[in-house]
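Chain residues, written in single-letter form:
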Amino acid sequence: MSLININTPAAKLKRPTGLRGIFYDIRSWVDGEVVSCTQAREDQLLFDTATASFDLIAPEMIEDTAIYIVDQTGGTLYPKVSNVAVTAKSIETFSSLEDAAEAAMDTLHESVALVLNIDLIVDMNDAVEQLIAVKLALPDVPVIICSSTFSKNNFSLQRRAIADASLRLPCTDVSLALAIESGILNNKDRRS
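Predicted model, so just to flag it, every value in this text is computed and none were measured.

**Student:** Explanation requested: the overall build of the chain in the structure shown.
**Tutor:** Scanning the chain from N- to C-terminus turns up nine helices and five strands. Overall, the chain shows an N-to-C arrangement of helices and strands of α-α-α-α-α-β-α-β-α-β-α-β-β-α. Across the 192 residues that make up the chain, the buried fraction comes to 40%. Taking the contacts inside the chain whose residues are at least 6 apart along the sequence as the reference set, 64% of them involve residues at least 24 apart.

Structural data, given as structure tokens:
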């Protein structure tokens, strides 16, 4: 179905005149092909960061994946991840990296991705050591680290010793979705 805007000069030239033109407009409107200028602003679905989700980006990547989030209670990561990871198998939150890593070890037969707010770990040296231990213990688990101290997003393998992607907080839904997608792809590339 193509949308026809009846208010453009080109559409007005193609429209039949008289009674046929009125029936043409009614038939097009009933078939759902007409969008007037006011309807385009109100009714037409537009892509924006508020509606971005994995069903638009890559649903097959996470449909069998449980996403474990490490964030503070009432943190901002859970609502954002649940918004962008609509097709994920499950989404669970944990208060510490140790709890999330233990849960991931208990479910080795399942696909898991970790999204971590590393600002919760007070000492950055301790955070690096913990992340290295997680990557060594769970090499098949994509790790996406988030922090307000990062200067920019990094979806490359530059930090592969500690993570598969890194994201600067606060983040948009689109950047979070791309970080999760990149983390999963980077983890697969690193293992192959």
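**Student:** Before we go on, may I ask you to explain the packing of aromatic side chains in this structure?
**Tutor:** For any pair of aromatic rings, geometry is given as the distance between the ring centres together with the angle between the planes. As enumerated under the stated definition, the model contains one aromatic pair in all. Over the ring of Phe150 we find Arg159, and its NZ or CZ is 4.3 Å from the ring centre.

**Student:** Would you mind going over the state of the cysteines with me for this structure?
**Tutor:** Disulfides are covalent bonds that connect the sulfur atoms of two cysteines. Applying the stated rule across the entire model yields zero disulfides. Free cysteine Cys146: the closest other cysteine sulfur is in Cys171, separated by 6.1 Å. According to the relative accessible area criterion, Cys171 is buried, its value standing at 9%.

**Student:** Any chance you could explain the nonpolar core here in plain terms?
**Tutor:** One recurring pattern in soluble globular proteins: nonpolar side chains tend to sit buried together. Counting 24 residues, the largest nonpolar core has Tyr68, Leu114, Leu116, Leu131, Val134, Val143 and Ile145 as its most contacted members. When sequence neighbours within four positions are dropped, the list of residues in contact with Leu114 reads Tyr68, Ala100, Val134, Val141, Pro142, Val143 and Ile144. Residues Met61, Ile62, Cys146 and Cys171 belong to the second largest nonpolar core, which totals 21 residues.

**Student:** Whenever I open this one, the environment of Asn154 confuses me. Can you help?
**Tutor:** Among the structural elements, Asn154 can be located in the loop between strand S4 (143-147) and strand S5 (165-168). Asn154 gets classed as buried once you look at its relative accessible area, which sits at 10%. For the pair Asn154 and Gly183, spaced 29 residues apart in sequence, the C-alpha separation works out to 10.0 Å. One polar contact links Asn154 to Ser156, side chain to side chain, over a distance of 2.5 Å.

**Student:** What is the right way to look at the pairing of strand S3 (residues 111-117) in this model?
**Tutor:** Where a strand is regular, its side chains alternate between the two sheet faces. Burial of S3 is extensive: six of the seven residues sit out of reach of the surface. Judged from the six bridges that link them, strand S1 (residues 65-70) and S3 form a sheet pairing that is parallel. When the bridges of S3 are listed, Ile69 appears paired with Val115. Where S3 lies against S4, four bridges are found, and the strand directions are parallel. Within the sheet, the bridge partner assigned to Leu116 lies in S4 and is Ile145.

What counts and how
Residues numbered from 1 in each chain as written. Predicted model: local features only at pLDDT ≥ 70, side-chain atom pairs only at ≥ 80, totals over all residues. Heavy atoms only, no water. Helix = DSSP H or I, 4+ residues; strand = E, 2+ residues; numbered from the N terminus. Buried < 20%, exposed > 50% of the residue type's maximum accessible area, 1.4 Å probe, protein only. Contact = heavy atoms within 4.5 Å. Phe/Tyr/Trp six-rings, centres within 6.5 Å; stacked < 30°, edge-to-face > 60°. Lys NZ or Arg CZ within 6 Å of the ring centre and 35° of its normal. Disulfide = S-S within 2.5 Å. Core = buried A, V, L, I, M, F, W, Y, C linked by side-chain atoms within 4.5 Å. Polar contact = N/O pair within 3.5 Å; in protein donor to acceptor, adjacent residues only side chain to side chain. Pairing = 2+ DSSP bridges.

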